[in-house]
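The residues making up each chain are set out below.
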Number of protein chains: 6
Amino acid sequence: MVSITRKAEFSASHFCSNPQLSPEENRALYGKSAGPNGHGHNYVVEVTVRGEVDPVHGMVMDLKELKAVLEREVIEPFDHRFLNREVPPFDRVTPTPENIAREIWRRLSPHLNQNGRRLYSVRLYETPDLYVEHYG
Amino acid sequence: MVSITRKAEFSASHFCSNPQLSPEENRALYGKSAGPNGHGHNYVVEVTVRGEVDPVHGMVMDLKELKAVLEREVIEPFDHRFLNREVPPFDRVTPTPENIAREIWRRLSPHLNQNGRRLYSVRLYETPDLYVEHYG
Amino acid sequence: MVSITRKAEFSASHFCSNPQLSPEENRALYGKSAGPNGHGHNYVVEVTVRGEVDPVHGMVMDLKELKAVLEREVIEPFDHRFLNREVPPFDRVTPTPENIAREIWRRLSPHLNQNGRRLYSVRLYETPDLYVEHYG
Amino acid sequence: MVSITRKAEFSASHFCSNPQLSPEENRALYGKSAGPNGHGHNYVVEVTVRGEVDPVHGMVMDLKELKAVLEREVIEPFDHRFLNREVPPFDRVTPTPENIAREIWRRLSPHLNQNGRRLYSVRLYETPDLYVEHYG
Amino acid sequence: MVSITRKAEFSASHFCSNPQLSPEENRALYGKSAGPNGHGHNYVVEVTVRGEVDPVHGMVMDLKELKAVLEREVIEPFDHRFLNREVPPFDRVTPTPENIAREIWRRLSPHLNQNGRRLYSVRLYETPDLYVEHYG
Amino acid sequence: MVSITRKAEFSASHFCSNPQLSPEENRALYGKSAGPNGHGHNYVVEVTVRGEVDPVHGMVMDLKELKAVLEREVIEPFDHRFLNREVPPFDRVTPTPENIAREIWRRLSPHLNQNGRRLYSVRLYETPDLYVEHYG
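Residues numbered from 1 in each chain as written. Chains lettered and ligands numbered in written order. Predicted model: local features only at pLDDT ≥ 70, side-chain atom pairs only at ≥ 80, totals over all residues. Heavy atoms only, no water.

(A) Geometry of the arrangement of the chains. Considering only C-alpha positions, the minimal separation of the non-contacting chain B and chain D is 12 Å. When C-alpha atoms are compared, chain A and chain F, though not in contact, are closest at a spacing of 12 Å. (Contact = heavy atoms within 4.5 Å.)

The following block contains the structure:
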């Protein structure tokens, strides 16, 4: 079994707050991340696809296609955006790293799960010291 | 001559726009960075102080003091903020990397230029692929 | 399934030697690491916790709590210490990277295995080119 | 269960082309990588071995031995080579990252799968933004 | 005075050999780099431009323009090439890191030295552990 | 003018204390670094040599020679040592980063300042977030 992983970056702003909770609860839960003006990160996303190596091509999947899907489905709509205001569903779903990784998974998997290969994981770094990983 | 350099990070959002220019001019000049909702970065700042090495202490300056000044004057007021709205003078001055580095210089130099040493440079990374450097 | 990983660093010294072995055997086994005065590393530890994402909070666990546990149980007692002399059980257990990772696991797991989540792995870098990983 | 991972680098050139395919098909499949003069990378390989920690030695395996095997079986024959011309089987097998990782696995596993431990994965970075991983 | 630095990468192959020298002299001088089939690197180039900050724009130069010049003059012609065969003057000039950095300087400076700003340095990493820097 | 920079690493332990000062003064000045058992770092040293590019060789200096001098004069005597006890003059001179960089300069410069080139700087990272730089 072989996997291929492609890394990309996007710069976005967000804040973490849940309208079901009071301002005090949001501040207690999310700390400095709760400020409604937002703050930002250079998010790094690593997408891993697993599958068999095609015996003729020698590849799990065409890397140019993987780059194009990642660019079209994630980088283009997320980069240089205020996630809470400009990227659904983050107007309703708190853009914690966990929820952003899940949304990236949701956007990518229909385009990657074919020809015997499948999306294996989405890793999202919010800072160099913190990442989350979503498995299908 | 010896220098000491300390690195720190802050996560902030910003957008680049000059009210003296039209929306079209701002978009042409700053591209995706002109969006008024803002977007964000994990900014990395490297502060370099030059001076003589104290013959007893063996240091250009007390590292604990350098960390404390950087934390108090830059990280605390900038981290998890929307620069254009929450951190003067960026309500009036476009927060390009060049202008952010100059403001960091302005805030740090009074506290570091003493006892024969001086602030030598402020380097600011907006992304891992782009940095500016301000020299006094 | 989702995981969250937090990275932290500590600077410590150690040496590798087993009193059950002769000096020659220790030197053959551990090479330059056997010198009893010790030498040091900037150890990097990455702690991964797996669990369900809380539907209200949008998090596997409160990141502030994860940082506090890691700081209190590992960084505070290990940082700026000579492991063999100052941090039990390394007065009796050779502080190889494998044994250090196991000890970090032992210290962290009681505080992280609750509310349906569990400590999944402890990765410890001794240098940028060498790491070990402990799984429960 | 514990693993130990060792990282090493080699600088090599390669190109991707399959003689069963036409030049147009090769160009469509491999893009800029199909040019027959070759181009190059600083490949980074991370080799992970899993096993039990020896209760006396405190190690999964002797790190000096792991370094020696990796150096002798991979770095020495691959470094500063044109893979397609100088390193079999890449005269017949297209040196995609997937195929290079498989060949590294094939060369290393006989020397590492012993004494209760086994080669767990070979990760190969072609650039900092792209890696493949081979599992046994 | 302020500078702006932009980083980019290209993957190329090269070998170091001077036709004025004998094969033995070339081997003694350049070691493993003398092999005529070539080998490769992920070269990283950092281009630094110094100048005044435009009081209206808040920038030393338009970053989009800097990226476009670097892409057009260096990355496009160098990436995925065998420098000795495909990129003049390296058919006649040994592509040591020093000579590659000088050629990058020669290609970039006419496009960057204008409007009061100037190309200040070209840094070229051949590997993460080795770089050269060319000053005008 | 061109420079060449070579990076290398050594793992050592040290503590910072000046026998002219009281234990309280040492603790106030050096904080956690004053503990007499020592602690450690993966020190990274970057040595920069400036000079003219030899018109035949295309190099500021022979890279193999630079690596050999750095290995022989610095890495071999410093690596896996307790600096205060095993590496003169650190039995008498406090091994602050500033003083270690100066000692590296003192050891390297006689071997590098020749044939029209000269040692330009020694940069020493104690951690990824802190470095000092010594200029001749």
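(B) The relation of the copies chain F and chain C, seen in detail. For the pair chain F and chain C, the relating rotation is 180°, the translation along its axis is 0.0 Å, and the fit reaches an RMSD of 0.0 Å. Here the symmetry operator amounts to a two-fold rotation axis. In terms of proximity to the rotation axis, the leading residue of chain F is glycine 40 of chain F, whose C-alpha is 1.6 Å off the axis. Looking at chain F, 100% of its interface residues are interface residues in chain C too, so the copies touch through the same face. (Least-squares fit on C-alpha atoms with pLDDT ≥ 70 in both.)

(C) Molecular detail of the interface of chain F and chain C. Each side of the interface is counted separately: chain F has 21 residues, and chain C has 21 residues. For the pair chain F and chain C, the summed buried area comes to about 1,700 Å², and 44% of that belongs to carbon and sulfur atoms. Among the residues chain F hides against chain C, the three largest losses belong to Asn37, Asn42 and His80 of chain F. Together they make up 35% of the total. Inspection of the region where chain F meets chain C yields 2 salt bridges. Aspartate 79 of chain C serves as the salt-bridge partner of lysine 32 of chain F, at 2.5 Å between the closest nitrogen and oxygen. Applying the counting rule to chain F against chain C returns 18 residue pairs in polar contact (both at pLDDT 80 or more). Elements supplying a minimum of two residues to the side of chain F that touches chain C: β1 (2-14), β2 (39-51), β3 (81-82), α3 (83-86) and β4 (118-127) of chain F. (Buried area = accessible area lost by both parts, 1.4 Å probe. Salt bridge = Lys/Arg side-chain N within 4 Å of Asp/Glu carboxyl O. Polar contact = N/O pair within 3.5 Å; in protein donor to acceptor, adjacent residues only side chain to side chain. Helix = DSSP H or I, 4+ residues; strand = E, 2+ residues; numbered from the N terminus.)

(D) Representation of the pairing of strand β1 (residues 2-14) of chain E. When you tally the buried positions in β1 of chain E, you get 11 out of 13 residues, the bulk of the element. With 5 bridges connecting them, strand β5 (residues 130-135) of chain B and β1 of chain E associate as antiparallel partners. Residue pairing across strands places leucine 130 of chain B opposite arginine 6 of chain E, the latter belonging to β1 of chain E. Pairing between β1 of chain E and strand β2 (residues 39-51) of chain E: 13 bridges, direction antiparallel. Paired with threonine 5 of chain E across the strands is threonine 48 of chain E, a residue of β2 of chain E. In this sheet, strand β3 (residues 81-82) of chain E lies alongside β1 of chain E in parallel orientation, the contact comprising 2 bridges. (Buried < 20%, exposed > 50% of the residue type's maximum accessible area, 1.4 Å probe, protein only. Pairing = 2+ DSSP bridges.)

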